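Given next are the chains, with one letter for each unit.
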Amino acid sequence: NFVSFYKDGNTPKLLALKLDSENNKIYYLYDLLNGQLILKDSIKINSILTNYIYFNKLHIILDRGETGQEKLSLYYGTTFSKLKKIQVDDQKDFFVSFPYNITQFQNKLYISTSSGEFILNDKIQVIGKLENNKATTSILIDFENGKWLTTRNNGIYYHPNSFVTKIEGFDSNINKIIINPYVENELFITSIGKY
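Predicted model only: the values in this text are computed from it and were never measured. (Residues numbered from 1 in each chain as written. Predicted model: local features only at pLDDT ≥ 70, side-chain atom pairs only at ≥ 80, totals over all residues. Heavy atoms only, no water.)

Student: Could you give an account of unusual backbone geometry, with specific residues and numbers?
Tutor: The phi torsion at Asn 34 lies on the positive side, around 50°, for a residue other than glycine. Note that Asn 34 resides in the loop between β3 (25–33) and β4 (36–44). What makes Asn 34 exposed here is its relative accessible area of 82%. Unlike most non-glycine residues, Gln 106 shows phi in positive territory, near 45°. A relative accessible area of 58% means that Gln 106 is categorised as exposed. (Helix = DSSP H or I, 4+ residues; strand = E, 2+ residues; numbered from the N terminus. Buried < 20%, exposed > 50% of the residue type's maximum accessible area, 1.4 Å probe, protein only.)

Now the structure itself:
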């Protein structure tokens with residue numbers, strides 16, 4: 001029903017959602033070794049969880065809540081089966097923020113949400129926000145520390161340092177921006193049905 005990948009060192013990890021016979025949500029964490037899935041842990045949470053990441057020795061999963069209309073929150077902890085929930089929005093008085101994606105860069109987390117890009121430090125505290133009130137769907141940080149943000153209805157934004165440049169000529173419903181691992185200096189930009 002749901003799968004999320006994250007690479008921890010040389011070991012890819014996979015988070016998968018399965019429903020049990022009573023339709024309870026159970027999230028399973030696997031290591032992917034030599035083409036085999038090895039079950040590491042599981043947790044039963046009724047929320048809709050997305051985007052697993054292992055950051056600063058913490059398991060972190062974005063929480064969309066049970067209705068998708070709750071404040072931005074996440075589950076985190078050093079032990080996957082004992083994750084704790086925190087309300088990220090409460091730290092900065094932000095409003096409802098539906099999460100789309102989570103990215104790690106230089107000991108910071110970037111969470112793409114329906115109300116902008118949250119920046120969290122290694123203590124899981126909000127330290128900033130980009131593109132306030134724009135629905136950001138993903139972020140990519142280049143070798144010059146420039147921040148490329150895709151949005152739901154406003155195209156792509158680039159933050160080189162302290163100013164913003166909008167990249168024109170793309171569909172309004174951009175989904176993701178990805179570095180091509182095989183061709184240097186090439187990006188893939190995806191929207192519904194094309195790239």
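Now, onward.
Student: Pulling in residues and values, what's your account of the environment of Leu 15?
Tutor: Note that Leu 15 resides in strand β2 (residues 11–19). The sequence separation of Leu 15 and Leu 49 amounts to 34 residues, and the corresponding C-alpha distance is 9.7 Å.

Student: Before we move on, could you go through the sheet that holds strand β6 (residues 58–63) and cite the residues and values that matter?
Tutor: A sheet is described by the order of its strands in space; here four strands give the open sequence β5-β6-β7-β8, paired in antiparallel fashion. Of all strands in the sheet, those with a lone pairing partner are β5 (49–55) and β8 (84–87), marking the two edges. Along the sheet, successive strands turn relative to each other by an average axial angle of 25°, direction set aside. (Pairing = 2+ DSSP bridges. Axes fitted to C-alpha atoms, helices over the stretch in contact; angles between N-to-C directions.)

Student: Requested: an account of the nonpolar core, with residues and values cited.
Tutor: As a rule of thumb, nonpolar side chains are buried together in soluble globular proteins. Core analysis: the largest hydrophobic core is formed by 16 residues, its most contacted members being Ile 60, Leu 74, Leu 109, Ile 111, Leu 120 and Ile 124. For this core, the secondary-structure elements that each account for two or more residues are β5, β6, β10 (108–113) and β11 (116–120). Formed by 12 residues, the second largest nonpolar core is a distinct cluster that contains Leu 17, Ile 43, Tyr 52 and Phe 80. (Core = buried A, V, L, I, M, F, W, Y, C linked by side-chain atoms within 4.5 Å.)

Student: How would you explain the packing of aromatic side chains if you had to name every residue and give the values?
Tutor: Enumeration according to the criterion identifies three aromatic pairs in this entry. The interplanar angle of 75° and the centroid separation of 6.3 Å between the aromatic rings of Tyr 52 and Phe 80 together place this pair among those described as edge-to-face. Linking Tyr 52 in strand β5 with Phe 80 in the loop between β7 (73–77) and β8, this pair joins segments that are 28 residues apart in sequence. Exposure class is identical for Tyr 52 and Phe 80. Each is buried. Its end group placed over the ring of Tyr 28, Lys 18 keeps NZ or CZ at 5.2 Å from the ring centre. (Phe/Tyr/Trp six-rings, centres within 6.5 Å; stacked < 30°, edge-to-face > 60°. Lys NZ or Arg CZ within 6 Å of the ring centre and 35° of its normal.)

Student: Can you break down the sheet that holds β10 residue by residue, with the values?
Tutor: Here we have four strands laid out as an open sheet, ordered β9-β10-β11-β12, and antiparallel in their pairing. Across the chains shown, the open sheet's two edge strands, defined by having one partner strand only, are β9 (99–105) and β12 (126–130). Sheet twist, expressed as the average angle between the axes of neighbouring strands with direction ignored, equals 20°.

Student: Report on the pairing of strand β14 (residues 147–151), specifying residues and quantitative values.
Tutor: Along β14, four of the five residues are buried, which leaves the element largely enclosed by surrounding structure. Hairpin remark: strand β13 (residues 136–141) followed by β14, antiparallel, with five residues in the connecting loop; positive phi at Asn 145, about 70°. Judged from the four bridges that link them, β14 and strand β15 (residues 156–159) form a sheet pairing that is antiparallel. Bridge assignment links Trp 148 to a residue of β15, and that residue is Tyr 158. Hairpin connection of β14 to β15: four residues between the antiparallel strands, including Gly 155 at a positive phi of 75°.

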